[in-house]
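Chain by chain, the residues run as shown.
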Amino acid sequence: MKVLSSAEILTLDRTHLWHPYSSLDPEAPLYPVASAEGCEIVLTDGRLLVDGMASWWSAIHGYNRPELNQAVTQQLAKMAHVMFGGLTHEPAVRLAETLVNIAPPGLHRVFFADSGSVSVEVAIKMALQYQLSRGKRSKTRILSVRKAYHGDTLGAMSLCDPETGMHHLFQSLLPQQIFVAAPACTFHQPWEESCLEDLKSALREHQHELAALMLEPIVQGAGGMRFYHPEYLRAARELCNEFDVLLIIDEIATGFGRTGRLFACEHAGISPDILCLGKALTGGYMTLAATLCTEKVARGICDGEAGVFMHGPTFMANPLACSVALASTQLLLHSPWQERIAAIEQQLCTELLPLRDSPVVADVRVLGGIGVVELRQPVDMKVVVPKLVDQGVWLRPFGRLLYTMPPYVIGSDQLRQITAAMARICTA
Ligand code: PMP
């Protein structure tokens, strides 16, 4: 097949494709990629972009890693896929065992799903089936917090912030969940007990109809890049126990070291009843997610009237994805990831915090490998993205947020290139 030119790729793309959260605007910035290596994306016109996004939190080891390539090709030589109904394989069992060993304690049962959003759907269904099987037929709703983001499928969307999640567009289809205020105490501020009031009163009032509370731990990601206090998470665990409500934790963005702990739950020393993992699970190589639950939840579901857990995607536990996830997790665990994240955090603080003095900046916050510059005005993507690309940097701002969460293996010079480009947006 003939290799397409950059212009041909763009024309075909503009003619046939959707992109994430896109319109059909032919002017929206769009860049054809030829390859990616280390922490750089190579465009088809030869330009190199330092990747400040790790492909939406996933490519933690950078691109084209020999260890991960090898895991895929070795598995490919055996089988790319085989159905998981009635069959099993080494990549799936080894990965499940590894996840159980490294996840917060008590989560012994693993369901492999296709994407983060699907793992959230699976978590919701687990919570509902568990409550049904205990005879708690009225416990069918989920409690969520404002500014949350859990994915784009209907169940997941019903738990996203009602405004940014556009609930009004999908109202007729979405399950009506219950929302409380976003956690108000930030990660670095002193803790105030009053932050819990809304959560407490919602749990007290709605306990009879709540199957679970759903939270992103410590970092509210795509709903606003906010970092909240670990004490909120610790107290949420206690309150869930007190009001007989399951706790579902969505570590899809935070899992595998991003916040400086392997899982963000560890900041609060808690374990959920159900845990969602995705994104960095495969080191950004393939789509795979996992929903873990306690043996109590699993047994409860299977002792209930259905007798089985009612979910089973075609590509469940895809062997290629499980193999690369296993290799990625081993690569992470055998790397000095804590030191790397600490170094990234230190550099982000040094180079981004001074931007607080800019009149166009509302706030700057840093946690682990995440650096966020919140502007006073929404980012004009058509202006800002090309400016960043001209400086050899790949970032994908949204709303008023200019932010980076680079691969963990980023060099300090590369990270400086990213923060300098961010600074230039704030001073231009
Ligand atoms: N939960 C969180 C916290 C996320 O950040 C995301 C993705 N941005 C999802 C769920 C959905 O994952 P996916 O895009 O793989 O469906």
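Residues numbered from 1 in each chain as written. Predicted model: local features only at pLDDT ≥ 70, side-chain atom pairs only at ≥ 80, totals over all residues. Heavy atoms only, no water.

**So, the overall build of the protein chain**
Then, in step 1: Broken down by element type, the protein chain carries 14 helices and 16 strands.
Then, in step 2: The C-alpha radius of gyration computed for the protein chain amounts to 22 Å, which stays within 12% of the reference 22 Å derived for 428 residues, consistent with globular compactness.
Then, in step 3: Across its three principal axes, the protein chain shows a C-alpha extent of roughly 60 × 55 × 45 Å.
Then, in step 4: The buried share among the 428 residues of the protein chain stands at 53%.
Then, in step 5: A separation of at least 24 residues holds for 71% of the contacts in the protein chain among residues at least 6 apart in sequence.
Then, in step 6: Counting every atom, the protein chain has about 18,900 Å² of accessible surface; 56% of that belongs to carbon and sulfur.
Then, in step 7: Treating the 35 positive side-chain charges of the protein chain as one cloud and the 43 negative ones as another, the clouds have centres 2 Å apart. (Helix = DSSP H or I, 4+ residues; strand = E, 2+ residues; numbered from the N terminus. Rg over C-alpha atoms; globule rule 2.2 N^0.38 Å. Buried < 20%, exposed > 50% of the residue type's maximum accessible area, 1.4 Å probe, protein only. Contact = heavy atoms within 4.5 Å. Areas by Shrake-Rupley, 256 points an atom, 1.4 Å probe, with all protein chains shown as cover. Lys, Arg positive; Asp, Glu negative; His and termini not counted. Charge placed at Lys NZ, Arg CZ, Asp CG, Glu CD.)

**Quick word on the nonpolar core**
Then, in step 1: L99, F112, L199, L215, F256 and V373 are the most contacted members of the largest nonpolar core, which has 121 residues in total.
Then, in step 2: Per element, the largest residue contribution to this core is eight residues, and it comes from helix 5 (residues 116-133).
Then, in step 3: When residues of this core are sorted by domain, at least three fall in each of domain 1 (6-64 + 336-427) and domain 2 (70-333).
Then, in step 4: Counting residues in hydrophobic clusters, the runner-up holds eight residues, among them I41, L43, L49 and V385. (Core = buried A, V, L, I, M, F, W, Y, C linked by side-chain atoms within 4.5 Å. Domains from an automatic or database assignment.)

**Quick word on the domain arrangement of the protein chain**
Then, in step 1: Domain boundaries assigned for the protein chain yield domain 1 (6-64 + 336-427) and domain 2 (70-333).
Then, in step 2: In this structure, domain 1 and domain 2 have C-alpha centres spaced 26 Å apart.
Then, in step 3: Taken together, the 24 residues of domain 1 in the interface contact 29 residues of domain 2.
Then, in step 4: With both chains or domains summed, domain 1 and domain 2 bury close to 2,300 Å², and 66% of this area falls on carbon and sulfur atoms.
Then, in step 5: Summed over the three residues of domain 1 that lose the most area to domain 2, namely W57, W337 and L367, the buried surface amounts to 34% of that side.
Then, in step 6: Scanning the region where domain 1 abuts domain 2 turns up zero salt bridges.
Then, in step 7: Remark: the boundary between domain 1 and domain 2 carries twelve residue pairs in polar contact (both at pLDDT 80 or more).
Then, in step 8: Secondary structure elements with two or more residues in the side of domain 1 that touches domain 2: helix 2 (54-57), helix 12 (337-352), strand 13 (361-367), strand 14 (370-375) and strand 16 (401-404). (Buried area = accessible area lost by both parts, 1.4 Å probe. Salt bridge = Lys/Arg side-chain N within 4 Å of Asp/Glu carboxyl O. Polar contact = N/O pair within 3.5 Å; in protein donor to acceptor, adjacent residues only side chain to side chain.)

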